Every structure is written in C-alpha cells, then in structure tokens.
Amino acid sequence: MDLKDIVSQFAINGVVKDVAPFGGGLINSTYKVTTEGDAPDYILQNVNVSVFPDIDLLMNNIVEVTGHIRKKLIAAGEKNIERKVLHFIPAKDGKMYFFDGEKYWRMMLCIADCVTKTGVSLESAYVVGETFANFQASLADIPVKLGETIKDFHNMEFRLQQLNDAVAQNKSGRANDPEVKQILSEIFERADEYCKAERLYREGKLPKRICHCDTKVDNILFDKDDNVLCVIDLDTVMPSFVFSDFGDFLRSAANTTAEDDPDLSKVSFNFEVFKAFTKGYLKGAASFITPIEIENLPFATALFPYMTLVRFIADYINGDVYFHCKYPEHNLVRSRNQLKLTKCVEAAFPQMEAFIAEQIAKK
C-alpha cells in the first residue's frame, strides 16, 4: 500500500493533496498529510513496534491520557482545545491504528501555526519543568490504570540485573579489562542507594504517577508568541515515579557537555539549569507532590546519570548490541562521562537540598 492508501483507511475530512516526510523523530516514521481547501491537515505515523511491542496498550494509554486532559480543558472553559491536546483519529474499522499486514499506522490532527524548540537555556529549563509538572498534575486523578509501554524502562533494580547478567556472560571479554572493573566497582558500591525508589514503593511510601518519561523542550509545542500549547510524543507516558520526569531532563540538560564527550574536564553539573528547572517543576507540581518526593529530588537528579552509566557499560560488555556506536570504545567513553556526571551531581546534594528547601519555604 502506498501512503495515500494508508491515509484512506482513517476517518479524516477533506481530500488528500500530499503526504510527505515530516519532522526528525528517531523512533517512529512521521508524515504530514496535506489536504485541499479548508480541511484540516493531519500527521501520519508508522509506529515502531520493536520499541513499543504492544500497540493496543500503547494506543489505549494515549487515548485515555488525551481524553482525560481534554475533559479537564473543557471543564476549565479553555478555548481552542484542539490546539492544546493531541487528537488521534480512528481508523474506519474503529481501532486507533491501522495494520497494513506489515506495519502499524496511526493518525492525528496536525496542530497548525505551532513551533518546537531545541537546546537548553535557563528560560527553556523553567518552561520544561513547569510544563511537565502541569502535565503530571492534569493526570493525577485519571480514573484508569495505564500500562507500561516499555516494561521496566526506568526500573533501577532491573537495569542492575541486566548489568549483572552482562558481567556473568561477558560475551565480549571486556568485563576483564581493569578500567571496566574499576567502573563496575564504582557502580556496585552505589547500587543499594540507587535502588531506593523501588524499595520505598514496595514499602508503600512512594507513589507511582502517570509520567511522560521523555522530558525535553522538543516534546512541547508552542504558538508563535512562545506560549505553551501542549505536550507531544506520548508513547512513553506510563506509570513511573516523578523522578523519571525530573531526573531524565537534568541528566542531559544540566551536563555541561555531550554525554559522549571524551574530555572529562568538560563534564560538570550546571546548577543554574537545575535551579531554573526545579523552580518551574515545583510550581507546576504544587497540587500533588508529596514530602517524600520533594526530599528525593536531588536523588532523582543523580539517579539518571547513574542509570545511564549502568546501561552504557552493560552494552559495552555485551558487545555494543543496543546503543549505536561510532567507534569501538564509544560506550566506554559514554560510561566514563556518565560516571563523572554522577559524581558531580552527588557532590551538589547539599546545594540542591538547600535550594529546594528555600523554594518550599516560599510557598
């Protein structure tokens, strides 16, 4: 089937004029469907089921999330609701996707006259913090149970088990390298502390919430006046700890260099980015965040470079089978980088705790 044939399987309005590649997403293939006249345009996506294997669970999550947000917007008397929450179009058979015999496709309305942003500034860090906290707040009372679109995605105990398995199998022989042994020693001496979230959850002290799990400015749509319209890329929206949306952003945004920069002297923790993001996040999260979640936000900030370190070194030991590598030691370089960042964040714990306490005291 060609792309226009696939589009014809969905209940859209208007006559299709063109279907062309759109955006730069790395997971799903995306196309813009342009229609004739005044009919709306659409976005067509081929869903990568290698990453998201349960298409029914994935689309059920998205429909429940967007539907709940839509109800909140209507109740609040918001205008232009179609610009403030994604609207997915069902296929003609009633399902929220179409299977062409080989690939899975979905369709959504295209939000016109909007922009996305990239990069990190203090202003964008604040906006990301507030926007994703508002997103969590809007879903705090969703009446249904959502599933995990990527099982154990941010489960630290699971990631450490993967590393233990990699070391035990040692497929590449790299686990015998002295530097790798030293990195593993640094990881395992911290392992108990960094599994704290899972323990607190089992003890009933830490809740799971509906989180986005891919917090970055690229996943926010803005209007041409820089006002936030809505959060996009909802595939990873699932139950998790608030640490996911807090720590994942800071892992990349507050690193003063790229995650694979081999020059460790360039790796440090940008505390100003942390402050801007945290201010925005605490403002948006005020309606739901608990004392134990607040207390552990510094932990969350260190958790994600640590978790990424574990994933990089496990892949290195496994022979580079998961992350794309540009050269043989790429994953080892990434591991060194994330270990350094983890230590930088750990050193900033007292500063982070003091700043958070100061922000809470102002409320």
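Residues numbered from 1 in each chain as written. Predicted model: local features only at pLDDT ≥ 70, side-chain atom pairs only at ≥ 80, totals over all residues. Heavy atoms only, no water.

A. Just the sheet that holds strand 10 (residues 228–231), in detail. Reading across from one edge, 7-9-10 is the order of the three strands in this open sheet, with antiparallel pairing throughout. In this open sheet, the two edge strands, each paired with only one partner strand, are strand 7 (114–115) and strand 10. Along the sheet, helix 3 (residues 122–138) contacts strand 9 (220–223) and strand 10; its crossing angle with strand 10, the most-contacted strand, is approximately 55 degrees. (Pairing = 2+ DSSP bridges. Helix = DSSP H or I, 4+ residues; strand = E, 2+ residues; numbered from the N terminus. Contact = heavy atoms within 4.5 Å. Axes fitted to C-alpha atoms, helices over the stretch in contact; angles between N-to-C directions.)

B. Local environment of empty space enclosed by the protein. Under the counting rule described, the total for this entry stands at one cavity of 30 Å³ or more. Considering only enclosed or pocket space, the largest cavity measures out at about 40 Å³ in volume. Forming the boundary of the largest cavity are His 154, Ala 197, Ser 240, Phe 241, Phe 243, Ser 244, Leu 303 and Phe 304. Of all the secondary-structure elements, those providing two or more residues to the lining of the largest cavity are helix 7 (242–253) and helix 10 (297–318). The class makeup of the residues in the lining of the largest cavity is five nonpolar, three polar and no charged. (1 Å grid on protein atoms, 1.4 Å probe; cavity = no way out; pocket = protein on both sides within 12 Å on 5 of 7 lines; lining within 4 Å. Points joined across faces, edges and corners; volume = space filled by probe spheres on them. Nonpolar A, V, L, I, M, F, W, Y, C, P; charged D, E, K, R; others polar.)

C. Molecular detail of the packing of aromatic side chains. Summed over all chains, the structure comprises 20 aromatic pairs. Ring centres of Phe 99 and Tyr 104 lie 4.4 Å apart, and the angle between their planes is 25 degrees; this geometry places the pair in the stacked category. Their ring planes at 65 degrees and their centres at 5.7 Å tell us that Tyr 201 and Phe 241 sit as a pair that is edge-to-face. Residue Tyr 201 is located in helix 6 (residues 196–202), and its partner Phe 241 is located in the loop between strand 11 (238–240) and helix 7; the two are separated by 40 residues in the primary sequence. Tyr 201 gets classed as partly exposed once you look at its relative accessible area, which sits at 40%. Residue Phe 241 is classed as buried on the basis of its relative accessible area of 7%. Here the aromatic residues Phe 246, Phe 249, Phe 269, Phe 271, Phe 274, Phe 277, Tyr 281 and Phe 355 are joined through ring pairs into a cluster of three or more. Between the NZ or CZ atom of Lys 208 and the centre of the ring of Tyr 201, over which it lies, the distance is 4.9 Å. (Phe/Tyr/Trp six-rings, centres within 6.5 Å; stacked < 30°, edge-to-face > 60°. Buried < 20%, exposed > 50% of the residue type's maximum accessible area, 1.4 Å probe, protein only. Lys NZ or Arg CZ within 6 Å of the ring centre and 35° of its normal.)

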